[in-house]
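Chain and residue survey
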Amino acid sequence: MPAAITIEKLTKSYKGLLALDNLDLKVESGTVYGYLGPNGAGKTTTIKILTSLIKPTSGKAYFFDQDVTKEPETALINVGAVVETPEFYNYMTPNEILSYFGKLRGLKNPEIEDNSSRCLKLVGLDNWKKKRIATFSRGMKQRLALAQALLHDPQILILDEPTIGLDPRGMVEVREIFRSLKKEGKTIFMSSHLIREVQEICDSVALIDKGRLILSNTVESLFEKSDSVDIEMKLVKPPPPEQIALVKRMGGIESLTQVDPTTLRISYKGSFDDVVLLLKRIVNQDLKIYSFKTLQGDLEAVYMKMIRESVR
Ligand SMILES: Nc1ncnc2c1ncn2[C@@H]1O[C@H](COP(=O)(O)OP(=O)(O)OP(=O)(O)O)[C@@H](O)[C@H]1O
Ligand SMILES: [Mg+2]
């Protein structure tokens, strides 16, 4: 089976500005794929090409084996998308909006009714389906956009920052929706700035910067990179220098920096079991610790490192 999404040497220039530069990417069917990168990296540009809102300067993009740059209508039959903050006509209701999109998608009336009510339930707008959108918050419009993307039960979902504008509870709910869609075997390709969110729900990630791919990998393998652990400890009061010296001499400590008077950063070589022992020994030193966390396995750290390296 071909990959759900295949991007080949995709290039887009806007009057001399290279927004995408020979980008290659593959998203296997059934995966939740996080698309990361700093502002202006080219995420939305990629998504607009995938959804045929703009044409690439060169290169190809396939859904399964259909080239969206050549035959957008056929290629996009199995795709639902939310691109940028959605705007709807204020005087319409969710039911009317979905009926309109359903007709555009070529669905028949009974199917539109069934699917609308299922999708609105899924995104938590069940009680709002007959209310005018004029009264909706940004988060509610975001949910409606998601319902519209899901209306024809597509195999592939393309989402540009799907949880932007949602409150924390809304974010958790949308993540739950993604998990259940994944269980149904759907492929989700989503751009995001929320690294923790990506870490939580995605199987794989790609990181781009200045239109170029910096890395793509499974989320799991990104965490297994190093055999040393970064630990951050916060203390109630600044520790005396002799105590710091004692900690420094403990086995496995590769480096210790005092980030500020009450924060210590430790690079420690050892397994997570060893970390437990280290914590015990440090507590025995009578250091007043109120927070102790390992930073390894943190996508944020990987992300910052990759971006820094790409700048060089
Ligand atoms: N219509 C346009 N005309 C000219 N330049 C554009 C246009 N759209 C995007 N760009 C430029 O292309 C680059 C990539 O923009 P894009 O919107 O794809 O970034 P992004 O990764 O989505 O960023 P963000 O995280 O801020 O949403 C940027 O330098 C942007 O200024
Ligand atoms: Mg964008």
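Preceding block: the structure.
The residue numbers shown here count from 1 along each chain, following its written sequence. Chain letters start at A and ligand numbers start at 1, both assigned in the order the entries are written. Residue-level local features of this predicted model are given only where pLDDT is at least 70; pairs of side-chain atoms are given and counted only at 80 or more, and the full residue set underlies all totals for whole chains, interfaces and linings. Calculated side-chain values reflect all of the structure's heavy atoms, with hydrogen atoms and water omitted.

A closer look at the overall build of the protein chain
- Strands here are runs of E lasting at least two residues and helices are runs of H or I lasting at least four, both read from the DSSP assignment and numbered beginning at the N terminus. On a plain count of helices and strands, the protein chain comes out with 11 helices and 14 strands.
- Judged by the C-alpha coordinates and their principal axes, the protein chain covers about 75 × 45 × 35 Å.
- Think of it in three bands: residues with accessible area under 20% of the maximum for their type are buried, residues over 50% are exposed, and the middle band is partly exposed, with areas taken using a 1.4 Å probe on protein chains only. Across the 312 residues of the protein chain, 46% fall into the buried class.
- Contacts are assigned to residue pairs that have any heavy atoms within 4.5 Å of one another. Restricting to contacts in the protein chain with at least 6 residues of sequence separation, those with at least 24 account for 68%.
- Accessible areas in this description were obtained via Shrake-Rupley with a 1.4 Å probe; residue shielding takes into account the shown protein chains only. Carbon together with sulfur atoms contributes 52% to the accessible area of the protein chain, which is approximately 16,100 Å² in total.
- Think of it this way: Lys and Arg go in the positive column, Asp and Glu in the negative one, and His and the chain ends go nowhere. Where a charge lies is defined by one atom per residue type: Lys uses NZ, Arg uses CZ, Asp uses CG and Glu uses CD. Computing the positive centroid from 44 side-chain charges and the negative centroid from 40, the protein chain places the two 3 Å apart.

What to know about the site of ligand 1
- Looking at ligand 1, there are 13 residues lining it, with Gly40, Lys43, Thr44, Thr45 and His193 nearest.
- A distance of 3.1 Å is found between an oxygen atom of ligand 1 and a backbone nitrogen or oxygen belonging to Ala41.
- A distance of 2.7 Å separates an oxygen atom of ligand 1 from a polar side-chain atom of Lys43.
- When ligand 1 is considered free in solution it has 640 Å² of accessible area, and contact with the protein chains removes 60% of it.
- Counting residues per element, the ones that place at least two in the shell around ligand 1 are strand S2 (17-27) and helix H1 (43-50).
- Broken down by element, the shell around ligand 1 gets its largest block of residues, three residues, from H1. It suffices for a single heavy atom of a residue to lie within 4 Å of a molecule or strand for the residue to be listed as near it. Here a polar contact means two N or O atoms within 3.5 Å. Within protein one must be a hydrogen donor candidate and the other an acceptor candidate, and residues neighboring in sequence count only if both atoms are side-chain atoms.

Some words on the side chain of Arg175
- By secondary structure assignment, the location of Arg175 is in helix H6 (residues 168-183).
- Those residues within four positions of Arg175 in sequence are excluded, and the remaining contacts are Glu197, Glu200 and Ile201.

Some thoughts on the pairing of strand S4 (residues 58-63)
- Two strands form a pair only when DSSP identifies at least two bridges running between them. Here strand S1 (residues 5-14) pairs with S4 via five bridges, running antiparallel. Paired with Glu8 across the two strands is Lys60, which belongs to S4.

So, the sheet that holds S4
- Reading across the sheet, the four strands line up as S2-S1-S4-S5 and stay open at both edges, with antiparallel pairing between neighbours. With one partner strand each, in any of the chains shown, S2 and strand S5 (66-67) form the two edges of the open sheet.
- Here S4 runs beside S5; their pairing, made up of two bridges, is antiparallel. Each bridged residue has a counterpart across the sheet, and for Phe63 the counterpart in S5 is Gln66.
- Each of S1, S2 and S4 touches H1; the most contacted strand, S1, lies at about 115° to it. Simply put, an axis is a line fit to the C-alpha atoms, just over the touching stretch for a helix, and the angle between two N-to-C directions goes from 0 to 180 degrees.

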